[in-house]
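# Observations on chain architecture
Chain residues, written in single-letter form:
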Amino acid sequence: MLRSMLEAFKNLFKPVRTIQYPAEDIVLPNGYRGLIEYGIDECIFCDKCEKVCPPGAILFYQHEGGEKEYRYNPWLCIYCGECVRACPKPEEALWQSETKQRSAVKEDGANEGWFVYEDACKKSRQRYVEAKKADKIQNKSEE
Ligand code: SF4
Ligand code: SF4
């Protein structure tokens, strides 16, 4: 009891370790692993980042023409870096920012909207695969 009181008293004279976030900026340590950054021009759309992401924070939507659209949810991301490790073009197509942080305020629908979008992405892939199969069958029957 006396020991903990002494410790508490000593703490009164130590520098303050807490900050008034988000009013004050956080000082990031060296080697900080921040938000995921994406370089569309270098991406080869292999989907490896999407497959390895534990919480499903990266998704690709497939349009009818075949082109894929990248989306990233910073509120789901746990900054594990698995996506960057899996990416065949790390630092060019995908990397972890050393400074960028997500905003303190969550966007409306950041979670619920994301799960709806996840479903839409899955369906977009199925649609695309089925359309490709149908094209193949049609081409064969025309030969
Ligand atoms: S850092 Fe981890 S959680 Fe975040 S997008 Fe990459 S794999 Fe997913
Ligand atoms: S792993 Fe890299 S190259 Fe592959 S889809 Fe993701 S960002 Fe693009």
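Above this text sits the structure in question.
As the structure is a prediction and not an experimental result, all values here were calculated from the model. (Residues numbered from 1 in each chain as written. Chains lettered and ligands numbered in written order. Predicted model: local features only at pLDDT ≥ 70, side-chain atom pairs only at ≥ 80, totals over all residues. Heavy atoms only, no water.)

## Re the overall build of the protein chain
Check the secondary structure of the protein chain and you find 4 helices and 4 strands. In terms of overall dimensions, the protein chain is more spread out than a globule: its C-alpha atoms have a radius of gyration of 23 Å, far above the 15 Å expected for 143 residues. For the C-alpha atoms alone, the extent of the protein chain along its principal axes is close to 90 × 30 × 30 Å. In the protein chain, buried positions account for 27% of the 143 residues. Of the contacts made within the protein chain by residues no fewer than 6 positions apart, 70% connect residues no fewer than 24 positions apart. Seen as two clouds, the 22 positive and the 24 negative side-chain charges of the protein chain have centres 7 Å apart. (Helix = DSSP H or I, 4+ residues; strand = E, 2+ residues; numbered from the N terminus. Rg over C-alpha atoms; globule rule 2.2 N^0.38 Å. Buried < 20%, exposed > 50% of the residue type's maximum accessible area, 1.4 Å probe, protein only. Contact = heavy atoms within 4.5 Å. Lys, Arg positive; Asp, Glu negative; His and termini not counted. Charge placed at Lys NZ, Arg CZ, Asp CG, Glu CD.)

## Re the site of ligand 1
In the vicinity of ligand 1 lie 13 residues, with Cys53, Cys77, Cys80, Gly81 and Cys83 positioned nearest. Of the residues assigned to the shell around ligand 1, the class counts are 11 nonpolar, 1 polar and 1 charged. (Near = heavy atom within 4 Å. Nonpolar A, V, L, I, M, F, W, Y, C, P; charged D, E, K, R; others polar.)

## A word on the side chain of Gln96
Relative to the elements of secondary structure, Gln96 occurs in strand 4 (residues 94-96). At 3.2 Å, the side chain of Gln96 and the backbone oxygen of Gly34 are in polar contact. From its side chain, Gln96 meets the backbone oxygen of Tyr79 in a polar contact 3.5 Å long. Among residues more than four places away in sequence, those in contact with Gln96 are Arg33, Gly34, Leu35, Ile36, Tyr79, Gly81 and Val84. (Polar contact = N/O pair within 3.5 Å; in protein donor to acceptor, adjacent residues only side chain to side chain.)

## Observations concerning the site of ligand 2
Residues in close proximity to ligand 2 include Tyr38, Cys43, Ile44, Phe45, Cys46, Asp47, Lys48, Cys49, Phe60, Cys87, Pro88 and Leu94, which together make up its full environment. Considered class by class, the residues forming the shell around ligand 2 number 10 nonpolar, no polar and 2 charged.

## Details of the packing of aromatic side chains
Under the defined criterion, the tally for this structure stands at 6 aromatic pairs. Relative to Tyr117, the ring of Trp114 lies with its centre 5.9 Å away and its plane at 45°, an arrangement referred to as tilted. Of this pair, Trp114 and Tyr117 are both found in helix 4 (residues 112-142), 3 residues apart, which corresponds to roughly one turn of the helix. In terms of burial, Trp114 and Tyr117 fall into one category: buried. Through successive ring pairs, a cluster of aromatic residues spans Tyr38, Phe45, Phe60 and Tyr70. Directly above the ring of Tyr117 sits Arg71, whose terminal nitrogen or CZ lies 4.1 Å from the centroid. (Phe/Tyr/Trp six-rings, centres within 6.5 Å; stacked < 30°, edge-to-face > 60°. Lys NZ or Arg CZ within 6 Å of the ring centre and 35° of its normal.)

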